[in-house]
Amino acid sequence: MSNENLQSVLGESRVFPPSAEFVAKARVNAEKLAEMKAAAAADYVGFWADLARKELSWATPFQTALDDSKAPNYQWFPDGTLNASYNCLDRHIATRGDKIAIRYEGEKGDVKTWTFRQLLADVSKLANGLKSLGIGKGDRVVIYLPHSPEAVIAMQACARIGATHSVVFGGFSAGSLKDRIDDTGARIIITADGGNRGGHIVDLKKACDEALTLGCKSIEKVVVGIRTGHSINMTPGRDILWSDLIAGVSDTCEPEFVGAEHPLFLLYTSGSTGKPKGIQHSTGGYLLGAMVSAQWIFDLREDDLFWCTADVGWVTGHSYVCYGPLAGGTTVMIYEGVPTVPDAGRFWKICQDHGVTIFYTAPTAIRALMKSGETFPNSYDLSKLRLLGSVGEPINPEAWMWFHRVIGKEKLPIVDTWWQTETGSTMMSPIPGAMPTKPGSCTQPLPGIFADVVDEAGVPVEGKTAGGYLVITKPWPSMLRTIWGDNERYIKTYFGQFPPTTGPDGREQWLYVAGDSTHRDEDGYYWILGRVDDVLNVSGHRLGTMEVESALVSHPRVAEAAVVGRPHEIKGEAICAFVICKGTRPEGKEAEALIKELRDHVGREIGAIAKPDDIRLADGLPKTRSGKIMRRLLRSIAKGEEITQDISTLENPAIVAQLAAKA
Ligand code: PRX
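For the structure given in this document, a descriptive report is provided here. Since the structure is predicted, the reported quantities are computational estimates derived from the model, not experimental observations.

1. Let's talk about the overall build of the chain
A tally of helices and strands in the chain yields 21 helices and 32 strands. What you see for the chain is a C-alpha radius of gyration of 24 Å, in line with the 26 Å of a compact globule of 663 residues. C-alpha extents for the chain along the principal axes are approximately 75 × 65 × 60 Å. For the chain, buried positions account for 60% of its 663 residues. With the model as given, the accessible surface of the chain reaches about 25,100 Å², and the carbon-plus-sulfur share is 51%. Of the side chains in the chain, 71 bear a positive and 80 a negative charge, and the two mean positions are spaced by 2 Å.

In structure tokens, the structure reads:
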């Protein structure tokens, strides 16, 4: 638990009610919210079942809403069948066929739009193309594409034919891509020649070729889209152009209706071991969570242009670019590039030019844009905006206030949405027309979601300054179903911390442990303080310290490495690595060269997002006599704090002075 964070949230007392104008038109006002919460409190399973019947289109209606006989492997709507792509596209054709589904702007300024009808046709063509390669239900398809409408088309095409997709973020390296492909056992990878980011070309095809030389025995075909047009290698017999795959195929494709529990996708995320986990999501429960949460939180209306800036490679891009808004018939904005090309006004220019009404981004982006000053946002017409959102990490009150004042002109509500890859959709967030917000708090659980704060023994804590582990006390439809190929790890990681108890109805109750620490105030508002495990949150990207450590020790010069986070003004957290070299520790220029080489090595092993900000070469790590690295001490050293902790139990106390001197 970070005391610093706790102190700062306890000191925050500002409250911002929504404007009367917003409340008057809101989809959910305070009265409606109270009604929904009461219905969920009385019968949460019935509450979700009613929504599932009302909001989703089923091929076979379900009879069972929740099967908890194998808890904590819960099944929602298990005997119902549906198709996610049908729910996002086909069912809108009669009423919204010519409405824009996607507005796209490339980093170079190229603009393209798809209506729901056009999107359905493109999805169907690719679905037919994939079918012609023998892909269907039971197969996995890895998608390694730039943030683009094509990525959405690829995801929807997989969903349409019952294939399970696994999107790998385009910023991951060949090594990370290979690990993910091997874990999924995918038969096909859909990639592109490259994408534009930060004024450069990200050479995806090259990384893909490299991954395939490292392993990936399961891959039969590589489907290649053309985005940048730079020269690439095509391996005959294995690689096929997207345009060739769909040439002459029909633009209609019957959706494959699958059981609600059928895995819609796998998405890899970091935990406290060196190996990322393949989080498995369902079709029915996931889609319901993504769709209804989007409607409640973002107050979606027919004429909205909703822009979630997250890449489709992350869960936020899955739930709030590809699935949730489209299932509700909402138009989404997609922008390929970074916020600072050609300058720090790009996001605001896009909001102005396209008429974005709801803008959802990450605190790290807000902090970076805040640093560029107010001239950029003030140079653009942001009058169409009516709601702002934040996700991915705790938003510090200073960034919240800037967002509120400079972008929201002190009028727009801000929804700070807390959730995780594992939760599938937002768990805690303001419902903007129904409650006041407080800068830095994700406020309260959504209707149908039940959270609590517990101590080390799993006992709920109460009181104004009480903090503890954030737990979810009841299953919810969009929850992860398992870790792909490792159900034991699923149970141990998320439900293993506290033994199940027996509820009043005689059923087992399991606490889902989120891995975050939190504080809950007198209004029942939650303030997320950060992770309690060895997971870092760098610019809203989740990375395991062990993952970075394994990448470092795979370098021939490294004997041992320990990685910790330290606070960073823009990224939230920065990565600090302590490295013990094999042989003599280099100094001066030689040390500088090795540090650079190690940073690049981590970039190659995992991806640029994992490159350590600081690398310190040392002769040893602070260890207890039992050989455990004292990470708490390393965190203090990384922050440059004076060491006041008792180091007498260390095996090698002298090392602390060496590490600290290098700060
Ligand atoms: O620590 C929490 C933080 O991000 C973690 C989940 O990361 P990931 O699975 O990559 O998903 C990010 C996008 C949903 C959480 O355990 N986190 C996410 N949103 C917030 C947050 N911390 C504080 N406030 C948030 N709004």
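2. A word on the site of the ligand
Residues in contact with the ligand amount to 16 residues; listed here are only the nearest, D416, T417, T421, R531 and R542. Measuring from a nitrogen atom of the ligand, one finds a backbone N or O atom of E393 at 3.4 Å. One nitrogen or oxygen atom from the side chain of R531 is found 2.7 Å from an oxygen atom belonging to the ligand. Protein burial of the ligand: of its 540 Å² of free accessible surface, 95% is covered by the chains.

3. Section: helix α11 (residues 284–298)
Each α-helix turn comprises 3.6 residues. Residues three or four places apart therefore point the same way. Its 15 residues give α11 an end-to-end C-alpha distance of 21 Å, which sits within 8% of 21 Å, the value for a rise of 1.5 Å per residue. Taken across its 15 residues, α11 has 15 buried, putting it largely inside the fold. Within two residues after α11, D299 carries a phi angle of roughly 55°, on the positive side.

4. Points about the sheet that holds strand β4 (residues 100–105)
Taken in spatial order, the 7 strands line up as β5-β4-β17-β16-β18-β19-β20 in an open sheet, and their pairing is mixed. Bordering the open sheet on either side are β5 (111–115) and β20 (414–417), each of which pairs with just one other strand. Each strand of the sheet is rotated relative to its neighbour by a mean of 20°, with strand direction disregarded. Taken together, the 3 bridges between strand β16 (residues 305–308) and strand β17 (residues 331–335) define a ladder with parallel strand orientation. Within the sheet, the bridge partner assigned to F306 lies in β17 and is V332. Lying over the sheet, helix α6 (residues 116–132) contacts β4 and β5, oriented at roughly 90° with respect to β5.

5. Brief notes about the sheet that holds strand β26 (residues 512–520)
Spatially, β21-β22-β26-β27 is the arrangement adopted by the 4 strands of the open sheet, whose pairing is antiparallel. Because the sheet does not close on itself, it has two edges, and the strands there are β21 (451–454) and β27 (526–531). Taking the axes of each pair of neighbouring strands and ignoring which way they run, one obtains an average angle of 45° across the sheet. In this structure, strand β22 (residues 467–472) lies alongside β26, joined through 5 bridges in antiparallel fashion. Residue pairing across strands places I472 opposite Y512, the latter belonging to β26.

6. Things to note about the pattern of salt bridges
What the rule picks out here adds up to 45 salt bridges. A salt bridge links R227 to D110; its shortest N-O distance comes to 3.1 Å. Placement of R227 in the loop between β11 (221–225) and β12 (239–241) and of D110 in the loop between β4 and β5 is noted, with a sequence separation of 117 residues between them. Using a relative accessible area of 33% as the deciding quantity, one classes D110 as partly exposed. For E641, the salt bridge is made with K639, and the minimal N-O distance between the two is 3.2 Å. Take K639: its relative accessible area is 39%, and that puts it in the partly exposed class.

7. Observations concerning the nonpolar core
Nonpolar side chains in soluble globular proteins generally cluster together in the buried interior. Core analysis: the biggest nonpolar cluster contains 124 residues, and W48, I190, W296, F298 and Y323 have the highest contact counts within it. With 10 residues, the single largest contributor to this core is α11. With residues up to four places along the chain from it excluded, the contact list for Y323 reads A84, C88, M155, Q156, A159, H165, L264, Y286, L287 and H318. Counting residues in each nonpolar core, the second largest holds 41 residues, with I181, V558, L594 and L598 among its members.

8. Considerations on the environment of S85
Here S85 shows up in helix α5 (residues 84–96). A relative accessible area of 0% places S85 in the buried class. Separated by 38 residues in sequence, S85 and V123 place their C-alpha atoms 8.6 Å apart. The contacts of S85, once residues within four sequence positions are left out, are D90, V123, Q156, A159 and R160. For S85, the side chain forms a polar contact with the side chain of R160, separated by 2.7 Å.

9. Examining the packing of aromatic side chains
Remark: the centre distance and the inter-plane angle together describe each pair of aromatic rings, the angle taken between the planes. Summed over the entire model, instances satisfying the criterion amount to 37 aromatic pairs. On the basis of an interplanar angle of 75° and a centroid distance of 5.4 Å, the ring pair of F47 and W48 is categorised as edge-to-face. The same class applies to F47 and to W48, which are both buried. Ring centres 4.7 Å apart and planes at 45° place the aromatic pair F62 and F77 in the tilted group. Placement of F62 in the loop between α4 (44–55) and β1 (66–67) and of F77 in the loop between β2 (75–76) and β3 (81–82) is noted, with a sequence separation of 15 residues between them. The same class applies to F62 as to F77, namely buried. Among the aromatic residues, those joined into a cluster by ring pairs are Y44, W58, F62, W76, F77 and F450. K438 extends its terminal NZ or CZ atom over the ring of Y525, reaching a point 4.5 Å from the ring centre. Here the basic side chain of K474 rests over the ring of F450, its NZ or CZ set 4.9 Å away from the ring centre.

10. As for unusual backbone geometry
Put simply, A71 and P72 share a cis peptide bond, and its omega is 5°. Structurally, P72 can be placed in the loop between β1 and β2. In this chain, V341 is followed by P342 through a cis amide linkage whose omega measures 0°. Inspection of the secondary structure assignment puts P342 in the loop between β17 and α13 (346–354). Unusually for a residue other than glycine, D299 sits at a positive phi of about 55°. You can see D299 is positioned in the loop between α11 and β16.

11. What about the environment of F498?
Structurally, the position occupied by F498 is in the loop between α17 (487–495) and β24 (501–502). Spatially, the C-alpha atom of F498 lies 42 Å from that of L212, the residues being 286 residues apart in sequence. Here F498 is in contact with V454, D455, E456, A457, G458, Y469, V471, L511 and V513, once residues within four sequence places are set aside.

12. Overview of the pairing of strand β8 (residues 188–192)
Across the 5 residues that make up β8, a large majority, 5, are buried. Here β8 shows two buried faces, one formed by I188, I190 and A192 and the other by I189 and T191. Relative to β8, strand β6 (residues 140–144) runs parallel, the two sharing 4 bridges. Residue pairing for β8: V141 is matched across the bridge by I188. Where β8 meets β11, 5 bridges bridge the pair, whose relative direction is parallel. The residue bridging I189 from the neighbouring strand is V222, located in β11.

Procedures and definitions
Residues numbered from 1 in each chain as written. Predicted model: local features only at pLDDT ≥ 70, side-chain atom pairs only at ≥ 80, totals over all residues. Heavy atoms only, no water. Helix = DSSP H or I, 4+ residues; strand = E, 2+ residues; numbered from the N terminus. Rg over C-alpha atoms; globule rule 2.2 N^0.38 Å. Buried < 20%, exposed > 50% of the residue type's maximum accessible area, 1.4 Å probe, protein only. Areas by Shrake-Rupley, 256 points an atom, 1.4 Å probe, with all protein chains shown as cover. Lys, Arg positive; Asp, Glu negative; His and termini not counted. Charge placed at Lys NZ, Arg CZ, Asp CG, Glu CD. Near = heavy atom within 4 Å. Polar contact = N/O pair within 3.5 Å; in protein donor to acceptor, adjacent residues only side chain to side chain. Expected span 1.5 Å × (residues − 1). Pairing = 2+ DSSP bridges. Axes fitted to C-alpha atoms, helices over the stretch in contact; angles between N-to-C directions. Contact = heavy atoms within 4.5 Å. Salt bridge = Lys/Arg side-chain N within 4 Å of Asp/Glu carboxyl O. Core = buried A, V, L, I, M, F, W, Y, C linked by side-chain atoms within 4.5 Å. Phe/Tyr/Trp six-rings, centres within 6.5 Å; stacked < 30°, edge-to-face > 60°. Lys NZ or Arg CZ within 6 Å of the ring centre and 35° of its normal.

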